[in-house]
Amino acid sequence: MANGQWYPPEWPDRIRALAAGTLTPVSPRRAATVLLLKDTPDGPAVHMLRRRASMAFAGGAYAYPGGGVDPRDDDRLVRWAGPTRAWWAERLGVDEPGAQAIVCAAVRETYEEAGVLLAGPDADSVVGDTTGEDWEADRAALVARELSFAEFLQRRGLVLRSDLLGAWTRWITPEFESRRYDTWFFVAALPEGQRTRNASTEADRTVWIRPAEAAARYDKGELLMMPPTIATVRQLLPYASAAETLAAAPGRDMTPVLARARLRDGEIVLSWPGHEEFTKHIPTAPTGAETTGGGPA
């Protein structure tokens, strides 16, 4: 393939089964991911991690810090600063407990996987270096679900800084996938005094990379990415700084992007509305030589 689109070999059979009515879609799990940005002399760079090749889902693909909502992320004890839960509910298209859970998941997962914490002692400050042994013990407890995010903030005397996030886009895993996520993508700037690190057990590499370079390497097949990842990388291209990107977030359309499969002229056409580059044409009957569409990571 000419690009690095991640395309699982089992998709064609599952798409055919969905079209035939023999596959029942699983319900998507809510999730959040963060495009963490920092300014460089050559423009903004985004933080990405490469999923270990051994991972069952998207092994070898580049992605952003993120993950599923923890059932405790909607705990009303969460210390909060920035736009209200009601404001976030309207922005994200969910109820208030759901909005808190999604925002909490974004902040928590960024800390768990990148060591970056979007929280501070009050509404006007952000924590500095979070790399000490005591911080690491708390981070590990969060990963192990021995500590809820509400308990973590309470213990540290911190408030979640929801104003440091900008809701960017929302993608729902296709109905034919065996693992499905309803994922809200956010943008955020790396807080002063903090630095990223590979804190994720699911990643074997992390990079800061300019969106233009990431897109070019994807186009050459050098970086493997899922459709939402390369789509959001390309959406970052017009912005000259992290602040400019965040300023654009309130105007972003949060209508979910969901792939659809339809029968046309003897084949199944798989498409993502508004993202024509990902369209795939799949024979209605197996050919024995399906392409995976993947590229080297």
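Keep in mind that this is a model prediction, so the values were computed, not measured.

**Student:** Any chance you could break down the overall build of the protein for me, citing the residues and the numbers?
**Tutor:** Counting its regular elements, the protein contains eight helices and 14 strands. For the protein, buried positions account for 53% of its 297 residues. Restricting the contact set of the protein to residue pairs at least 6 apart, pairs at least 24 apart contribute 71%. A total accessible area of about 12700 Å² is found for the protein, and carbon and sulfur atoms account for 50% of it.

**Student:** Explain the side chain of Thr33 residue by residue, including any values.
**Tutor:** Its location among the elements puts Thr33 in strand E1 (residues 29–40). By relative accessible area, which is 7% here, Thr33 ends up buried. Polar side-chain contacts of Thr33 include one of 2.7 Å to the backbone oxygen of Pro65.

**Student:** Explain the pattern of salt bridges to me, and be specific about the residues and the numbers.
**Tutor:** Going through the model one piece at a time under the given rule, you end up with 20 salt bridges. For Arg108, the salt bridge goes to Glu112, with nearest N and O atoms at 3.1 Å. Of this pair, Arg108 and Glu112 both sit in helix H3 (residues 96–114), four residues apart, roughly one helical turn. Judged by its relative accessible area of 1%, Arg108 is buried.

**Student:** Help me get a handle on H3, residues and values and all.
**Tutor:** Taking 1.5 Å per residue as the helical rise, H3 with its 19 residues ought to reach 27 Å, and the 27 Å between its terminal C-alpha atoms agrees with that figure. Counting buried positions along H3 yields 17 of 19 residues, so the element is predominantly enclosed. In this structure Asp95 caps H3, since a side-chain oxygen of it lies 2.7 Å from the backbone nitrogen of Gly98.

So, how was this worked out
Residues numbered from 1 in each chain as written. Predicted model: local features only at pLDDT ≥ 70, side-chain atom pairs only at ≥ 80, totals over all residues. Heavy atoms only, no water. Helix = DSSP H or I, 4+ residues; strand = E, 2+ residues; numbered from the N terminus. Buried < 20%, exposed > 50% of the residue type's maximum accessible area, 1.4 Å probe, protein only. Contact = heavy atoms within 4.5 Å. Areas by Shrake-Rupley, 256 points an atom, 1.4 Å probe, with all protein chains shown as cover. Polar contact = N/O pair within 3.5 Å; in protein donor to acceptor, adjacent residues only side chain to side chain. Salt bridge = Lys/Arg side-chain N within 4 Å of Asp/Glu carboxyl O. Expected span 1.5 Å × (residues − 1).

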